[in-house]
Amino acid sequence: VQVGGSWGYRNNVTFRNGARMTNLVNTAPTCSIGYTSNGEWGVDGEGVSVYDGQSITLLGGTKSDGYPWTLKVLDTTGDAAADFIINADISLNSDFPYHHTYKKGDGTVQINGSYTDNANPLHLQGGTWKAGVTDSFKAETPVDIDFGGGNLAFAADTANDLGTAILNKDATVALEAG
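Residues numbered from 1 in each chain as written. Predicted model: local features only at pLDDT ≥ 70, side-chain atom pairs only at ≥ 80, totals over all residues. Heavy atoms only, no water.

Okay, the nonpolar core next. Ranked by size, the top nonpolar core spans 28 residues in total, and within it F84, I86 and W129 carry the most contacts. Looking at which element gives the most residues to this core, the answer is strand 9 (residues 84-92), with 5 residues. If sequence neighbours within four positions are ignored, F84 has contacts with F15, W41, V43, S49, V50, Y51, L71, V73, T108, V109 and Q110. (Core = buried A, V, L, I, M, F, W, Y, C linked by side-chain atoms within 4.5 Å. Buried < 20%, exposed > 50% of the residue type's maximum accessible area, 1.4 Å probe, protein only. Helix = DSSP H or I, 4+ residues; strand = E, 2+ residues; numbered from the N terminus. Contact = heavy atoms within 4.5 Å.)

Written as structure tokens, this is what we have:
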């Protein structure tokens, strides 16, 4: 799927059987999630699904409970490899600061871009969130690996500055060799 237009909300999307969504850089560089409703992106079926875009902007709203973005990624590859790859920078719009991102499901999401939300923690509640590039994390972005497990991984030959991390029961942080 190629998405055009100057601005677009993609609050609820299911990537199935190796689906790919591409934001056309010249016409729709920003994908927005939140603002007026919760956002959930699901990944299921078989094969690696991919989101290709310049950026994802998280719009949490202006009330304290905000509008969360949930990534429910199932294990679609049958191994530890990435099940969902996001090739984009992800950041919070400071005008709408009440936001939370949740990673759920037993699969692996790999972020090949930066994830910056200095106001709210990234909640890992299952599976793996993998930083695929250098500077994917900034020191001001807190991470909370919630009860019930979740994994935070860093690709080989990358440098990331993980600031505050809360590791609850069954949590892991993995560094690849290299």
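Having seen the structure, we can now continue with the description.
Taken in spatial order, the 7 strands of this open sheet run 3-6-8-10-13-15-17, and their pairing is parallel. On the outer flanks of this sheet lie strand 3 (12-16) and strand 17 (165-167), each paired with one strand and no other. Averaged over all adjacent pairs, the angle separating strand axes in this sheet is 10°, with direction ignored. Pairing of strand 13 (residues 122-124) with strand 15 (residues 143-145) involves 3 bridges; the strand directions are parallel. Considered in strand 15, the bridge of L122 is made with V143. (Pairing = 2+ DSSP bridges. Axes fitted to C-alpha atoms, helices over the stretch in contact; angles between N-to-C directions.)

This part covers the pattern of salt bridges. Using the criterion set out here, one finds 2 salt bridges in the structure. R16 serves as the salt-bridge partner of D44, at 2.7 Å between the closest nitrogen and oxygen. In this pair, D44 sits in strand 6 (residues 39-44) while R16 sits in strand 3, placing the two residues 28 residues apart along the sequence. R20 is the partner of D52 in a salt bridge, and the nearest nitrogen-oxygen pair spans 2.3 Å. Placement of D52 in strand 7 (residues 49-59) and of R20 in strand 4 (residues 20-23) is noted, with a sequence separation of 32 residues between them. (Salt bridge = Lys/Arg side-chain N within 4 Å of Asp/Glu carboxyl O.)

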